[in-house]
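# Coordinate analysis (summary)
Take a look at the letters that make up each chain.
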Amino acid sequence: MRPQKLLPMIALLLPGLLHAQNQVVKGTVKDADTQMPLIGVNIVLLESAPFLGTTTDLDGRFRMEGVPVGRQQLQVTSIGYKSTVIPNVLVTAGKEVVLEIGLTASVESLQEVVITGERSKDRPANDLAKVSARTFSLEEVTRYSGGRNDVARLATNFAGVSAANDARNDIVVRGNSPTGLLWRIEGLPIGTTNHFGTLGTTGGPVSALNTNLLRTSDFLSGAFPAEYGNVNAAVFDVKFRNGNPDKHEFTAQMAAFSGAELMAEGPLSRKNQSSYLVSYRYGIAGAAATGTSAVPYFQDLAFKLNFGQSKLGRFELFGMGGRSSIDFLGAEIDSTDLFADPTVDTYFRSDVALIGLSHFLQLDDKSYLKTTIGSTYLGTDFTQDNILGGASDQAARRYQATTALDREQRYTVSSQYNRKFSPRFSLRAGILNELYDLDIDWKDRDRRAGIPDLDGDSIPDFFVQVRDVQGTINLFQAYAQGEYKFTDELSFTAGVHGQHLDLNNDVMLAPRAALAWQFRPRQRLSLAYGLHGQMAPLPVLLYVDPTTGANNRDLKFQKAHHVVLAYDHRFEGDWRVKTEAYHQWLYDVGIERTPSSYSVLNEGADFIFTERAGLVSDGTGRNYGVELTIEKFLSRGYYALATASVFDSRYTGSDGIERNTGFANRYVLNTLLGKEWGIGKDKRNALTFDTRLTTSGGRPFSPIDLEATRENLGREVYVDSEAFSKRYDAYLRLDVKFGMRLNGKAGKVSHQFFVDLQNITDRENIFVERYNRVTDRVGPVYQNGFFPDFMYRVQF
């Protein structure tokens, strides 16, 4: 449905909706270290008249009725614990608010004194992450302009993060390739969470991760705690929320980009607080701006079943799955298409899935064990038919030029033990094992100079087996990290992470450490170090030269030393300034044996991976920069966020020359502003306005050797001696969003609507330079122009 058709519908509903309702806010409060329920915790609704407050029961549960709809703040206090203020709790008429709150014990106040804490919005959920980490929530994903209900696109607003391409959600973090990103869902690693994903990539055009299932989760961009392994760039540590354990609730949603959705949640058994949460989405064909005029189809399902507390502990079953397809037909696609080629028809199918079962066992009042088993799946099928004479020729002959099949099934077991020895010292240790079951079969005869045409029919005589892998590889990880709190203001963490890859028996041990000092009530200094390591992308690691048999299986873990120094200052009035300086030294990077500019660090800058075998782990690189965040958290009806990153990203190939990587944009600047105006009775409904301005330096690129490309039958050949010596023009984009939140007069119903005008200036930002076989020229391919997104959501 078009946005202009939805606007009259909203206008008709408006008179009956402008009436404030009260709602229920409830949840549980636990010790953040031991996960033990806390009894007698005070929860107060700030600035409420009359006063509203409650306390937790024997199970750590609380329930507060009569909370006015709108944005609210809760203060949570308990004797011997640091209190916390939970800001921006969005209360709507259509859905009860369910919170999971963790309190941290004070190491100094062991008597009956309440320690006053600060707002927790700027701290990650993982207490061991002292630098380069922040939380994100469902409300933030839908609030910011240009986000498209996508967690990865939300992260591009954070300091140090940029988008590689408007048409996809691959992200570049501190100059690292998008392949260096780790996705974890409820503790299970997964290669990608996107529709139209491919083996080895972490992004895609459309996210299959439904943000309506999110609870507050973490994004980390460097010097990670010891529990995170097989990652060099960044971590999305995503958590699914539980369904409402007391009441059945429903959500219906339609958006131009993420599609039409139905979601249901409610109790399985009120007696043990078990619940279900399930959602299904279907992509609106042709509505998504994916950089092509071809019609994409996609659908996904996500769920979580919480079976409640029992004598055996708490079990939770969770999962997600997505299916997508798109056909690029040469006779139908637009000439400005990112994938345009009138002599080619291509057909692409993709599946992504995850399922897991977690078990939480409270061992005693100081420790717990959480074990998760699960499996993830990524499958893609790609077929390309070449058209002799062009698609417009009805008599043209066709032949199959490429077939590519990828199947990656992972079987994962993880177990984590947490113990709080005292208010000062706690320990976290665990293991994670991933068994990769692979079936990869790529055959190609598209414009390969080495394939003859002996019969003269213009069809290459045979296929080249590009990749052929059937079998398993195993990655084992183990870690331990402790935290010692000298005082409430000074803490130190140290740990070690180890990992082993059975493919080549590579082993590494990686120390981690961090020191955080809150030297004044609103100011904090932090210093962190970590050694990190990651497998080469699977398409690189498993590549075998079809002619020589050379392979890359001996590539070591690509390693990186991370050092981060951070300063954080919280001002009155919800303002915050944070700056971080970082340096990353990369080594054991895959490069060629003979002198060349190639480095694995640049993989991920293109749609596909290069075909190079016989690589050795002798390359190096470095990323360094400074980041600044100025943030006004949402209060008094407005928010602001400005982030600036100035950085460099360099690498050295086997020719010994240090160059820019393909991700060395040099700078990224973001400015976001948002305002809410209360309307209706008690001003509990709202009109909203949000805007976002983003600019970044142009990406380096390697010039195409036109003559060599022609001789190579149109397969692009780059000038090796000038690798990444050129730059595209700077990137600039302005987004503007208008929205409305309404609470129903009769019954518990709430509505949300927005129109998001993305790239409102219709600026042509260059994506890449390509050789065009039709024109026989090298020219630019541009990113998405102006695109209006919209969303309508009703909850009841």
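Residues numbered from 1 in each chain as written. Predicted model: local features only at pLDDT ≥ 70, side-chain atom pairs only at ≥ 80, totals over all residues. Heavy atoms only, no water.

## A word on the overall build of the protein chain
Across its full length, the protein chain carries five helices and 43 strands. The C-alpha atoms of the protein chain give a radius of gyration of 27 Å, which matches the 28 Å a tight globule of 796 residues would have. Counting only C-alpha atoms and orienting by the principal axes, one finds that the protein chain spans roughly 90 × 60 × 45 Å. Within the protein chain, buried positions represent 58% of all 796 residues. Partitioning the intrachain contacts of the protein chain with sequence separation of at least 6 by distance along the chain shows that 66% fall at a separation of at least 24. Charged side chains in the protein chain number 86 positive and 92 negative. The centres of these two groups are separated by 8 Å. (Helix = DSSP H or I, 4+ residues; strand = E, 2+ residues; numbered from the N terminus. Rg over C-alpha atoms; globule rule 2.2 N^0.38 Å. Buried < 20%, exposed > 50% of the residue type's maximum accessible area, 1.4 Å probe, protein only. Contact = heavy atoms within 4.5 Å. Lys, Arg positive; Asp, Glu negative; His and termini not counted. Charge placed at Lys NZ, Arg CZ, Asp CG, Glu CD.)

## A closer look at the sheet that holds strand β4 (residues 61-68)
What holds strands together in a sheet is hydrogen bonding between their backbones, with the strands either parallel or antiparallel. Sheet architecture is open: three strands sit in the order β4-β1-β7, paired in mixed fashion. Edge positions in the sheet fall to β4 and β7 (97-103), since each has one partner strand and no second. Averaged over all adjacent pairs, the angle separating strand axes in this sheet is 25°, with direction ignored. Judged from the six bridges that link them, strand β1 (residues 22-31) and β4 form a sheet pairing that is antiparallel. Following the sheet pairing, N22 is matched in β4 by P68. (Pairing = 2+ DSSP bridges. Axes fitted to C-alpha atoms, helices over the stretch in contact; angles between N-to-C directions.)

## Focus: the side chain of S375
With respect to the helices and strands, S375 occurs in strand β23 (residues 367-388). Note on S375: relative accessible area 12%, which makes it buried. Side-chain polar atoms of S375 contact the backbone oxygen of R410, separated by 2.9 Å. Excluding anything up to four places from it in sequence, S375 contacts L188, A353, L354, I355, Q409, R410 and Y411. (Polar contact = N/O pair within 3.5 Å; in protein donor to acceptor, adjacent residues only side chain to side chain.)

## Regarding the pattern of salt bridges
Counted according to the given criterion, the structure contains 54 salt bridges. For K26, the salt bridge identified is with E96, shortest N-O distance 2.7 Å. Linking K26 in strand β1 with E96 in the loop between β6 (84-91) and β7, this pair joins segments that are 70 residues apart in sequence. What makes E96 buried here is its relative accessible area of 8%. We note a salt bridge from D166 to R733, for which the minimum N-O separation is 3.2 Å. A residue pair is termed long-range when its members are at least 10 positions apart, and D166 in the loop between β9 (161-163) and β10 (171-173) and R733 in strand β39 (residues 731-743) qualify at 567 residues. For D166, a relative accessible area of 5% translates into the label buried. A residue is classified by how much of its surface remains accessible, and R733, at 6% relative accessible area, is buried. Each of R71, E139, R143, E676 and R741 takes part in salt bridges that share partners, so that together they form one network. (Salt bridge = Lys/Arg side-chain N within 4 Å of Asp/Glu carboxyl O.)

## Some details on the environment of D776
Among the structural elements, D776 can be located in the loop between β41 (766-772) and β42 (777-782). Classification of D776 as partly exposed rests on a relative accessible area of 25%. If we skip the residues at most four places from it in the chain, D776 touches L706, R710 and Y771. A polar contact is formed between the side chain of D776 and the side chain of R710, at a distance of 3.1 Å.

## Focus: a nonpolar patch on the surface
Residues F421, F425, Y484, F486, F492, L515, W517, L525, L527 and L565 make up a contiguous nonpolar surface patch of about 890 Å² in total accessible area. Secondary-structure elements contributing two or more residues to the nonpolar patch are β28 (506-520) and β29 (523-534). When you line up the elements, F425 lands in strand β25 (residues 425-444). Owing to a relative accessible area of 31%, F425 belongs among the partly exposed residues under this scheme. (Patch = residues over 30% accessible without salt bridge, like charges linked within 9 Å, V, L, I, M, F, W, Y side chains within 5 Å. Areas by Shrake-Rupley, 256 points an atom, 1.4 Å probe, with all protein chains shown as cover.)

## Some thoughts on the packing of aromatic side chains
Overall, the coordinates contain 16 aromatic pairs when judged by the stated rule. Between the aromatic rings of Y144 and Y639, the centroid separation amounts to 5.6 Å while the plane-to-plane angle is 55°, which identifies the pairing as tilted. Highlighted residues: Y144 in the loop between α2 (138-143) and α3 (151-155) and Y639 in strand β33 (residues 638-652), separated in sequence by 495 residues. Taking the relative accessible area as the measure of exposure, Y144 reaches 4% and is therefore buried. Seen from their ring centres, F158 and F219 are 5.9 Å apart, and the 45° between their planes marks the pair as tilted. Highlighted residues: F158 in the loop between α3 and β9 and F219 in strand β15 (residues 214-220), separated in sequence by 61 residues. Both residues of the pair, F158 and F219, count as buried. Members of the aromatic cluster, joined through ring pairs, are F136, F158, W183, F219 and F236. The ring of F360 has R314 lying over it, and the distance from NZ or CZ to the ring centre is 4.6 Å. (Phe/Tyr/Trp six-rings, centres within 6.5 Å; stacked < 30°, edge-to-face > 60°. Lys NZ or Arg CZ within 6 Å of the ring centre and 35° of its normal.)

## Considering the sheet that holds strand β3 (residues 53-55)
With respect to topology, four strands assemble into an open sheet ordered β3-β2-β5-β6, the strand pairing being antiparallel. The open sheet terminates on both sides in strands that have one partner only, identified here as β3 and β6. Pairwise comparison of adjacent strand axes, ignoring direction, gives a mean angle of 25° for this sheet. In this sheet, β3 lies alongside strand β2 (residues 42-45) in antiparallel orientation, the contact comprising three bridges. For V44, the partnering residue across the bridge sits in β3 and is G53.

## A short note on the environment of Y479
Looking at the element boundaries, Y479 is found in strand β26 (residues 464-485). If we ignore the near neighbours within four places in the chain, the residues touching Y479 are A226, E227, S415, Q416, R428, A429, G430, I431, V496 and H497. Among the polar contacts made by the side chain of Y479, one reaches the side chain of Q416 at a distance of 3.0 Å.

## Description of the pairing of β29
Of all twelve residues that make up β29, nine are buried, and the element is covered over most of its length. Linking β28 back to β29 in an antiparallel pair, the connection comprises two residues. In terms of strand pairing, β29 meets strand β30 (residues 558-570) through twelve bridges, oriented antiparallel. Following the sheet pairing, G530 is matched in β30 by H562.

## A few points about the pairing of strand β20 (residues 296-310)
In the sheet, strand β19 (residues 274-282) pairs with β20 via eight bridges, with the strands oriented antiparallel. By the bridge assignment, L277 is partnered in β20 with K304. Taken together, the 13 bridges between β20 and strand β21 (residues 313-329) define a ladder with antiparallel strand orientation. Bridging across to β21, A302 finds its partner in M320. Taken together, β20 and the strand that follows it, β21, pair antiparallel across an intervening segment of two residues.

## Quick look at unusual backbone geometry
With omega at 5°, the peptide bond leading from A49 into P50 counts as cis. Looking at the secondary structure, you find P50 in the loop between β2 and β3. A positive phi angle is found at R174, which is not glycine, with a value near 55°. Within the secondary structure layout, R174 lies in the loop between β10 and β11 (181-185). Of note, N505 is a non-glycine position whose phi angle comes to about 55°, a positive value. Locating N505 in the fold gives a position in the loop between β27 (490-501) and β28. Overall, the relative accessible area of 54% leaves N505 in the exposed class.

## What about the nonpolar core?
With 36 residues, the main nonpolar core has W183, F219, F236 and V238 as its most contacted residues. Once you skip the residues sitting within four places of it in the chain, F219 turns out to touch S132, A133, R134, F136, A155, F158, V161, I171, V173, A234, V235 and F236. L199, L501, L586 and F609 belong to the second-largest nonpolar core, a separate cluster that totals 30 residues. (Core = buried A, V, L, I, M, F, W, Y, C linked by side-chain atoms within 4.5 Å.)

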